[in-house]
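Summary of structural features
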Amino acid sequence: MDLLRFFKRPNKDNLFANFPDGVLIVSLEGKVLDANNKALEMFKTSRIDIVGKFFSAFVEGGSNLLNRAVAQKRPLTSKVKVSGANEDMFFEVSATRDSQAQKVYVALRDVSHNYKMQNMVNGQFEIAKNIIDEKNNYLVGISGEILSSLATIDGFSKALSDGVGGVLIDKQMKYVNIINKNARDLTGDLEKLFTVFRLESGLYQFDFRNFDLVNLLNAVVKQYEPFFAAKKMFFEYNFSSLVSRACFLDQSVFEYVIKSILDVFLINSQIGKVTLNAGNPPVAFLESHEFDAKISNEPSSYVLFEAKASELFFDEDELQTIFEPYSLFNKNKRTIGTKLSFVLLKKFVKQFKGDIWVYSKPSFGTMISFVVPVDRK
């Protein structure tokens, strides 16, 4: 509301008295000169009791609040003193200064309900956050005990299949192998889930240091070549366009990220071609994306990875929640481990102050792209 223009209108007195918003006229020294009917109603007072009193007697912040409202040209919320009120009240205060008349025109709006609701929501959020933090800390604390029990099941079932307890008949061997496989799968899924909890609780310890990026990538792809060959899938990679080999990240986490992508492709693809390429992104790419780490627009300060599986497809519903920790894939063919892999990919790349995307189309396949800064932050 343009109060200055309002008070320069003819016949303003009648309008002022009956204006639907609360309005005060305050002197430059901070005393209330006049108040309209709505303002008197809001403060539950009379004109005699408010005129001549300092604005600060009714609104916390007083003249400082008005000066800020005038300078910032926006409403400010403050606690107010309302006669007979048995709970805190809050008004939104807007102010316009008339330098010629040496007055400040103040508009008031009761926002007590909104303010209290916001505080209640904030309070509930803090309570929920504390519960989640306690839950995560507890689960991280017991993770070793749970994984140790699964390791025992895995170890003994493997020993039985190896004949430690005697020769097994075919039916016994089948059941023992099922136990062993399920124990290993469950261990892998729980390890990922506990890592999510550890990240969310802030207990995950990162170890940033310099390492040779190309050496690490070559070691990983050499490890995975036999797995793709066993499934008769084509596996190609190219890191030759990287300008610099030096990288300053957590080496073990970065290795985990690359391996997780390749594991997702291995688990969810039976045929086709997998490619893994790494290079420095072009300047246009850096200029079109906002990253947490703004080191520079020099391409050599970042590395862009593109991993593609030609025969893997995620539908639109899956893509919409692919990085959300507590939503499940609708299709039964996706494992919990696959879902958790994407969750951890997002969390780790964000920890590196980078970003990650997944693109999937039936005739194209699935591409996972992510970019991270490789210079010391």
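Here's what I pulled together on the structure shown here. (Residues numbered from 1 in each chain as written. Predicted model: local features only at pLDDT ≥ 70, side-chain atom pairs only at ≥ 80, totals over all residues. Heavy atoms only, no water.)

1. Describing helix H12 (residues 336-351)
Spanning 16 residues, H12 covers 23 Å between terminal C-alpha atoms, matching the ideal 22 Å at 1.5 Å per step. Its buried side turned inward, H12 meets helix H7 (170-200), helix H9 (251-268), strand S11 (355-361) and strand S12 (365-373). Following H12 by one or two positions, Lys-353 has its phi on the positive side, about 65°. (Helix = DSSP H or I, 4+ residues; strand = E, 2+ residues; numbered from the N terminus. Expected span 1.5 Å × (residues − 1). Contact = heavy atoms within 4.5 Å.)

2. Examining the pairing of strand S1 (residues 22-27)
Among the 6 residues in S1, 6 count as buried, and that is most of the element. Neither face of S1 is exposed, since Gly-22, Leu-24 and Val-26 on one face and Val-23, Ile-25 and Ser-27 on the opposite face are all buried. Two strands pair when backbone bridges link them, and S1 and strand S5 (residues 103-110) are joined in this way by 6 bridges, in the antiparallel orientation. Counterpart to Ile-25 in the pairing with S5 is Tyr-105. Pairing geometry for S1 and strand S2 (residues 32-35), over 3 bridges, is antiparallel. The residue of S2 that forms the bridge with Val-26 is Val-32. Joining the antiparallel neighbours S1 and S2 is a turn of 4 residues, in which Gly-30 adopts a positive phi near 100°. (Buried < 20%, exposed > 50% of the residue type's maximum accessible area, 1.4 Å probe, protein only. Pairing = 2+ DSSP bridges.)

3. Some words on the sheet that holds S11
Taken together, the 5 strands give an open sheet; going across it, the order is S7-S9-S10-S12-S11, and neighbouring strands pair in mixed fashion. A single partner strand is all that each edge strand has here, and the edge strands are strand S7 (234-238) and S11. Across this sheet, the average inter-strand angle for adjacent strands is 10°, counted without regard to direction. Bridge count between strand S10 (residues 302-309) and S12: 8 bridges; the pairing is antiparallel. If you follow Lys-308 over to S12, its bridge partner there is Met-367. Packed on one face of the sheet, H9 meets S7, strand S9 (273-279), S10 and S12 and runs near 175° to S12. (Axes fitted to C-alpha atoms, helices over the stretch in contact; angles between N-to-C directions.)

4. Observations regarding the packing of aromatic side chains
The final tally for this structure, using the stated rule, is 21 aromatic pairs. By the ring-pair criterion, three or more aromatic residues cluster together here, those being Tyr-204, Phe-206, Phe-208, Phe-248, Tyr-256, Phe-348 and Phe-352. The residue whose ring lies beneath Lys-308 is Phe-364, and the NZ or CZ to ring-centre distance is 3.9 Å. (Phe/Tyr/Trp six-rings, centres within 6.5 Å; stacked < 30°, edge-to-face > 60°. Lys NZ or Arg CZ within 6 Å of the ring centre and 35° of its normal.)

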